[in-house]
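Overview (structure and organization)
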Amino acid sequence: LSLITFYVQQRDGAVDVDEKHSAQVNVDIHFRNAKRVLNSRLKEAAEKRKDDSNLRIREGKLYQAVAKYAEAEKAYLKALEVLRNSGKSLELQGIYAGLGNCYVQQDEYKKGAGYLEQALQENPDDLFIRSRLAETYRRMNDFTRAERKYDEVFNVSISHVESYLGRGELYKTLGDNGE
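These figures come from a predicted structure and were not determined experimentally.

1. Thoughts on the environment of Gly-166
On the secondary structure map, Gly-166 appears in helix 9 (residues 161–176). Classification of Gly-166 as buried rests on a relative accessible area of 7%. Apart from residues lying up to four places away in sequence, Gly-166 is in contact with Glu-135, Arg-138 and Tyr-150.

Dropping the structure here:
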């Protein structure tokens, strides 16, 4: 997954066509290899009737890394179903956060915010999710809630860079709207 992320970033930052193409080929190769290994492990888990929720979460992250959000959503929802049926809740935060991010990436902000809020209920101390939720509220034009979430982050960590950038975008949006 980290190699795929690396090549996606390399592709997105590439200037010339050949460099973009080369990086995309690497993304495709590593994605296919990772998917093949994951499918093999999912099959093995099914044969042994083992809980495959961690594998489903990895599958969701894999699809997210290559911007296949509909497939990521299916994997996360399957993991959620498996966990609900098993009574385990340890991985719920990751699933909720993954689903929230998938929906936000697809501009389904209300749905994304709902899942990010659930992720925060599972782990209220997660600053990344809190900041992502603030960004989602900003995109929903719910500026009061966005600012409140950024305040919550800064009450814990005054140096959270992502939240500084997000708050800057919030103030820019407010300024552009004449508020």
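2. Some points on the pattern of salt bridges
Close approach of charged atoms allows side chains of opposite charge to pair. Evaluated as defined, the whole model comprises ten salt bridges. Put simply, Glu-117 and Arg-145 hold a salt bridge, and the shortest N to O gap is 2.9 Å. Residue Glu-117 is located in helix 6 (residues 109–122), and its partner Arg-145 is located in helix 8 (residues 143–156); the two are separated by 28 residues in the primary sequence. Judged by its relative accessible area of 32%, Arg-145 falls in the partly exposed class. The closest approach of N and O atoms between Asp-151 and Arg-167, which form a salt bridge, is 2.1 Å. Linking Asp-151 in helix 8 with Arg-167 in helix 9, this pair joins segments that are 16 residues apart in sequence.

3. Some remarks on the packing of aromatic side chains
Per the stated rule, a full pass over the model turns up two aromatic pairs. Ring centres of Tyr-96 and Tyr-115 lie 6.2 Å apart, and the angle between their planes is 35 degrees; this geometry places the pair in the tilted category. Within this pair, whereas Tyr-96 is found in helix 5 (residues 92–105), its partner Tyr-115 is found in helix 6, the two being separated by 19 residues in sequence. You can call Tyr-96 buried: its relative accessible area is 7%. Aromatic side chains Tyr-103 and Tyr-115 sit 5.7 Å apart centroid to centroid with 20 degrees between the ring planes, which places their arrangement in the stacked category. Taken together, the residues Tyr-103 in helix 5 and Tyr-115 in helix 6 connect sequence positions twelve residues apart. Residue Tyr-103 is classed as buried on the basis of its relative accessible area of 2%.

4. A closer look at the side chain of Asn-101
Looking at the secondary structure, you find Asn-101 in helix 5. Those residues within four positions of Asn-101 in sequence are excluded, and the remaining contacts are Gln-64, Leu-116, Phe-128 and Arg-132.

5. Side note on the environment of Leu-80
Turning to its location among the elements, Leu-80 is positioned in helix 4 (residues 69–86). When its relative accessible area of 3% is taken as the criterion, Leu-80 is described as buried. With residues near it in sequence (within four places) discarded, Leu-80 still touches Leu-92, Ile-95, Tyr-96 and Leu-99.

6. Thoughts on the side chain of Arg-130
Tracing the backbone through its elements, the reader meets Arg-130 in helix 7 (residues 127–139). A residue is classified by how much of its surface remains accessible, and Arg-130, at 11% relative accessible area, is buried. In this structure the side chain of Arg-130 is engaged in a polar contact, spanning 2.4 Å, whose partner is the backbone oxygen of Pro-124. Residues within four places of Arg-130 in sequence aside, it is in contact with Leu-120, Pro-124, Lys-149, Glu-152 and Val-153.

7. A short note on the packing of helix 5 against helix 6
Where helix 5 contacts helix 6, the two axes come as close as 7 Å, and the packing angle between them is 160 degrees. One finds that helix 5 runs roughly antiparallel with respect to helix 6. When you trace helix 5 past helix 6, the crossing you get is left-handed. The segment helix 5 lies against helix 6, with Leu-92, Gln-93, Tyr-96, Ala-97, Leu-99, Gly-100, Asn-101, Tyr-103 and Val-104 engaging Tyr-109, Lys-111, Gly-112, Tyr-115, Leu-116, Gln-118, Ala-119 and Glu-122. Taken together, the residues of the contact of helix 5 with helix 6 sort by class into ten nonpolar, five polar and two charged.

8. Observations concerning the confidence of the model for the protein chain
Close inspection of predicted coordinates is inappropriate for parts of the model with low pLDDT. Scored by pLDDT, the protein chain has a mean of 83; 87% of the residues are at 70 or more. Confidence, read as mean pLDDT per element, is least for helix 1 (residues 2–13) in the protein chain (65) and greatest for helix 6 (94).

Reading the values: rules and limits
- Residues numbered from 1 in each chain as written.
- Predicted model: local features only at pLDDT ≥ 70, side-chain atom pairs only at ≥ 80, totals over all residues.
- Heavy atoms only, no water.
- Helix = DSSP H or I, 4+ residues; strand = E, 2+ residues; numbered from the N terminus.
- Buried < 20%, exposed > 50% of the residue type's maximum accessible area, 1.4 Å probe, protein only.
- Contact = heavy atoms within 4.5 Å.
- Salt bridge = Lys/Arg side-chain N within 4 Å of Asp/Glu carboxyl O.
- Phe/Tyr/Trp six-rings, centres within 6.5 Å; stacked < 30°, edge-to-face > 60°.
- Polar contact = N/O pair within 3.5 Å; in protein donor to acceptor, adjacent residues only side chain to side chain.
- Axes fitted to C-alpha atoms, helices over the stretch in contact; angles between N-to-C directions.
- Parallel < 35°, antiparallel > 145°, perpendicular 65-115°, else oblique.
- Left-handed = near helix turned anticlockwise from the far one by under 90°.
- Nonpolar A, V, L, I, M, F, W, Y, C, P; charged D, E, K, R; others polar.
- pLDDT = per-residue confidence, 0-100.

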